Amino acid sequence: MQSKLIVAPKKFYITTPIYYISDKMHLGHSYTTIAADIFARYYRMIGSDVFYLTGTDEHGLKIQQSAESKGLTPKQLVDGLANDTKQLWKLLDISYDEFIRTTDKKHEELIKIIVQKMFDKGDIYLGEYEGWYCKGCESYFTEKEIENGKCPIGHEVFKEKEKAYFFKLSKYQEWLLQYIEEHPEFLQPQTRKNEMLSFIKNGLDDLCISREAVSWGVKLPFDDKYTVYVWVDALFNYLSGLDYFENKEKYSKYWPPDLQLMGKEIFRFHTIYWPIFLKSVDLEIPKIEFAHGWWTVEGQKMSKSFGNVIYPDVFIEEYDLDTYRYYLFREVSFGEDGSFSIKTVKERINNELVATLGNLFSRVLTLAQKREKTFTYFTDELSEKVEEKIAEIHKGYTQINLSKVISEIFEICFLANKYVQDNKPWELINTDPEKFDQVIYVLLETLRIVAVELSPIMTKKYKIMFDQLGLDLDDKNNYLLEFSNIMENKKVKKGEYLFVKKE
Ligand code: MSP
């Protein structure tokens with residue numbers, strides 16, 4: 001059933017970065033992955049044909065060295081790590097459609113064809129490279145970007161010189177500036193876009209795209225002494241993940257990506273190299289590149305050496321998955337930096353999840369059960385306000401503003417709580433049972449909408465909410481985002497508390 005309040009795009013292709021797998025995934029990686037999952041679930045729910053791609057970045061010097069030190073082949077090492085990553089995403093309820101690995105045969109084949117295409121076009125030439133190389137970032141940095149012998153995110157860098165192949169980035173500089181200007185939605189948020197614009201206007205140097213020292217990678221098709229620079233390799237996962245060469249139908253259905261999410265530190269790769277590479281091989285440019293901020297822990301950089309890394313599996317063992325998914329997008333406005341702290345986790349649980357959301361469900365369901373009957377469709381001023389909120393929440397989801405989504409959902413809860421306060425159903429049940437029934441219907445349908453709106457975020461709790469509301473999870477009609485007659489004749493039950501207070 002199509003909501004009269006919402007127009008769903010026909011298709012929605014969303015991606016996360018493919019993560020390096022040399023270490024265990026932590027809060028930072030899970031942040032982007034959950035964000036993408038939330039959008040994917042929302043668009044699926046409103047009826048778009050969604051393709052959600054994530055995966056792992058498995059080539060490069062770090063993996064090569066790490067495998068050597070462990071006495072494994074690189075392939076043995078990455079197979080184990082990719083599996084661990086998949087297990088974690090399963091635990092976090094990540095509903096990806098495809099998990100691409102840069103060591104997948106289809107990916108490696110695609111890279112060779114793409115690089116050959118760039119070469120044939122005359123966009124790649126042989127030159128000599130000297131620069132500051134950062135192993136951590138697998139990237140060269142310019143003199144300007146180095147501070148005290150460290151790259152912009154603090155890894156040590158080394159001077160390196162080699163004969164190498166270059167990609168003519170400079171050739172595309174003017175094209176890129178014009179493209180960004182003509183597509184105001186392309187780079188978001190605005191502050192990051194401004195940074196990129198000034199970076200481009202400073203002048204783009206040609207990019208070294210070959211590596212002689214790295215054997216664990218895709219060989220350059222026109223000179224097998226070299227492997228392809230990992231960022232060229234990695235970025236095209238967004239194409240190989242769609243089976244570009246194997247399944248033209250899939251490709252033409254989903255390409256280009258509608259939303260590509262990433263942390264701010266790799267925005268540059270996605271806003272400069274990526275569109276230029278695509279232009280070079282004549283492919284359509286993605287619709288939106290969105291950079292979110294970085295998490296610290298209690299205000300401090302998250303790092304193994306500080307011993308303060310937050311691992312999602314450890315967190316959800318102590319709390320629960322939905323608290324985690326909720327907290328990440330409630331605590332920090334998506335796009336900005338933020339700090340993780342257990343104190344604010346507990347405050348959000350107690351003041352919001354327990355006192356507002358959980359309490360509303362328990363209060364309304366307790367009242368509804370007092371009449372030992374079901375209720376019939378009714379509308380009033382609350383149902384009208386709820387429909388206004390549905391439109392606002394839709395804006396939040398589609399404008400990549402998850403804080404807005406959550407705060408609008410809570411606005412509904414506040415409105416519903418006030419409605420209970422104003423109507424005093426505990427009195428109506430004796431004085432005016434007919435009015436009581438109407439008030440309860442409006443409240444139950446409001447709860448259904450809250451549950452539906454939360455379902456992309458709280459992938460477990462919404463199922464309990466549905467159960468308490470007597471709603472079948474598999475019936476698509478129950479997810480309608482419109483104040484409707486769905487809660488007619490539903491047998492509700494109070495059941496367990498949705499959230500428990502944390503001391
Ligand atoms: N392999 C590259 C990406 C290639 S995409 C074509 C890479 N991998 S990574 O493992 O370093 O992952 C970086 C991403 O992890 C960030 O862009 C962000 O999505 C996430 N985060 C890692 N640490 C983070 C925080 N502390 N805070 C928020 N997100 C961060 O770069």
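These notes cover the structure that comes with them.

**Some remarks on the overall build of the chain**
Here's step 1: Secondary structure summary: the chain contains 18 helices and 15 strands in total.
Here's step 2: Against the globule reference of 23 Å for 503 residues, the chain gives a C-alpha radius of gyration of 26 Å, in line with a compact fold.
Here's step 3: C-alpha extents for the chain along the principal axes are approximately 90 × 45 × 40 Å.
Here's step 4: A burial count over the chain gives 58% of its 503 residues as buried.
Here's step 5: Within the chain, contacts between residues separated by at least 24 positions form 77% of all contacts whose residues are at least 6 apart in sequence.

**Brief notes about the sheet that holds strand β3 (residues 98–101)**
Here's step 1: Strand order in the open sheet formed by six strands is β3-β2-β1-β12-β13-β7, and the pairing between neighbours is parallel. One side of each edge strand has no neighbouring strand; the edge strands of this open sheet are β3 and β7 (187–188).
Here's step 2: Sheet topology note: the β7/strand β13 (residues 289–292) ladder contains two bridges and is parallel. Its bridge partner being in β13, Q188 is matched across the sheet by F290.
Here's step 3: In this fold helix α10 (residues 267–280) packs onto β7, β12 (259–263) and β13, with an angle of close to 160° to the strand it touches most, β13.

**Digging into the pattern of salt bridges**
Here's step 1: Tallied over the full model, the rule gives 36 salt bridges.
Here's step 2: For E284, the salt bridge identified is with K287, shortest N-O distance 3.7 Å.
Here's step 3: Its salt-bridge partner being D422, residue K418 comes within 2.9 Å of it at the nearest N-O pair. Remark: D422 and K418 occur in helix α15 (residues 402–423); sequence separation between them is four residues, near one turn of the helix.
Here's step 4: Shared partners join several salt bridges into a network, and the residues in it are K389, E392, K395, K404 and E408.

**Remarks on the side chain of H394**
Here's step 1: Mapped onto the fold, H394 is located in helix α14 (residues 381–398).
Here's step 2: Beyond its immediate chain neighbours, meaning those up to four positions away, H394 contacts I6, V7, Y42 and I46.

**Notes on the sheet that holds strand β11 (residues 223–228)**
Here's step 1: Taken together, the three strands give an open sheet; going across it, the order is β9-β11-β10, and neighbouring strands pair in antiparallel fashion. A single partner strand is all that each edge strand has here, and the edge strands are β9 (210–211) and β10 (219–220).

**Examining the pairing of strand β1 (residues 11–20)**
Here's step 1: Among the 10 residues that make up β1, nine are buried, leaving the element largely enclosed by the rest of the structure.
Here's step 2: Bridging between β1 and strand β2 (residues 49–57) involves eight bridges; their strand directions are parallel. Pairing of I14 across the sheet is with Y52, part of β2.
Here's step 3: Between the parallel elements β1 and β2, the chain passes through helix α1 (residues 27–46) in a crossover that is right-handed.

**Some remarks on the environment of G131**
Here's step 1: Mapped onto the elements of the fold, G131 is located in strand β4 (residues 124–134).
Here's step 2: Exposure remark for G131: the relative accessible area of 5% places this residue in the buried category.
Here's step 3: Separated by 100 residues in the primary sequence, G131 and Y31 have C-alpha atoms spaced 33 Å apart.
Here's step 4: If near-sequence neighbours (up to four positions away) are discounted, G131 is found in contact with Y140, F158, K159 and E160.

**Re the environment of F315**
Here's step 1: Assignment of secondary structure puts F315 in helix α11 (residues 312–318).
Here's step 2: Given a relative accessible area of 7%, F315 falls into the buried group.
Here's step 3: Separated by 288 residues in the primary sequence, F315 and L27 place their C-alpha atoms 9.4 Å from one another.
Here's step 4: Apart from the residues within four sequence positions on either side, F315 is in contact with D320, Y324, F340, I342 and V345.

**Focus on the site of the ligand**
Here's step 1: Around the ligand lies a shell of 24 residues, among which I18, T32, D57, G263 and W295 are the nearest.
Here's step 2: The contact in question runs from an oxygen atom of the ligand to an N or O atom on the side chain of T32, over 2.5 Å.
Here's step 3: Contact with the protein chains removes 94% of the 670 Å² of surface that the ligand exposes when unbound.
Here's step 4: Elements with a minimum of two residues in the shell around the ligand: β1, α1, α7 (230–235), α8 (237–240) and β12.
Here's step 5: No other element matches β1, which puts four residues into the shell around the ligand.

**Here we look at the nonpolar core**
Here's step 1: Counting 110 residues, the largest nonpolar core has F329, L357, F361 and L444 as its most contacted members.
Here's step 2: By residue number, the principal contributor to this core is helix α17 (residues 433–454), which donates 13 residues.
Here's step 3: Within the second largest apolar cluster, 59 residues are counted, among which are L176, I180, V232 and I272.

**Structural notes on the pairing of β3**
On a regular strand, each side chain points to the face opposite its neighbour's, so the side chains alternate between the two faces of the sheet.
Here's step 1: What you see with β3 is no split at all: E98 and I100 on one side and F99 and R101 on the other are buried throughout.
Here's step 2: Here four bridges tie β2 to β3, and the two strands are oriented parallel to one another. Paired with L53 across the strands is E98, a residue of β3.

**Considering the packing of aromatic side chains**
Here's step 1: Counting across every chain of the model gives 47 aromatic pairs.
Here's step 2: Each ring, one from Y31 and one from F334, has its centre 5.6 Å from the other, and the planes form 70°; the classification is edge-to-face. Taken together, the residues Y31 in helix α1 and F334 in the loop between α12 (321–331) and β15 (338–340) connect sequence positions 303 residues apart.
Here's step 3: For F334, a relative accessible area of 7% corresponds to the buried category.
Here's step 4: Residues F315 and Y319 carry aromatic rings whose centres are separated by 4.6 Å and whose planes lie at 20° to one another, so their mutual orientation is stacked. No difference in accessibility class separates F315 from Y319, as the two residues are buried.
Here's step 5: Sitting over the ring of Y244, K248 keeps its end group 4.2 Å from the ring centre.
Here's step 6: Above the ring of F269, the side-chain terminus of R268 is found at 5.1 Å from the ring centroid.

What counts and what doesn't
Residues numbered from 1 in each chain as written. Predicted model: local features only at pLDDT ≥ 70, side-chain atom pairs only at ≥ 80, totals over all residues. Heavy atoms only, no water. Helix = DSSP H or I, 4+ residues; strand = E, 2+ residues; numbered from the N terminus. Rg over C-alpha atoms; globule rule 2.2 N^0.38 Å. Buried < 20%, exposed > 50% of the residue type's maximum accessible area, 1.4 Å probe, protein only. Contact = heavy atoms within 4.5 Å. Pairing = 2+ DSSP bridges. Axes fitted to C-alpha atoms, helices over the stretch in contact; angles between N-to-C directions. Salt bridge = Lys/Arg side-chain N within 4 Å of Asp/Glu carboxyl O. Right-handed = clockwise from strand over helix to strand, strands pointing away. Near = heavy atom within 4 Å. Polar contact = N/O pair within 3.5 Å; in protein donor to acceptor, adjacent residues only side chain to side chain. Areas by Shrake-Rupley, 256 points an atom, 1.4 Å probe, with all protein chains shown as cover. Core = buried A, V, L, I, M, F, W, Y, C linked by side-chain atoms within 4.5 Å. Phe/Tyr/Trp six-rings, centres within 6.5 Å; stacked < 30°, edge-to-face > 60°. Lys NZ or Arg CZ within 6 Å of the ring centre and 35° of its normal.

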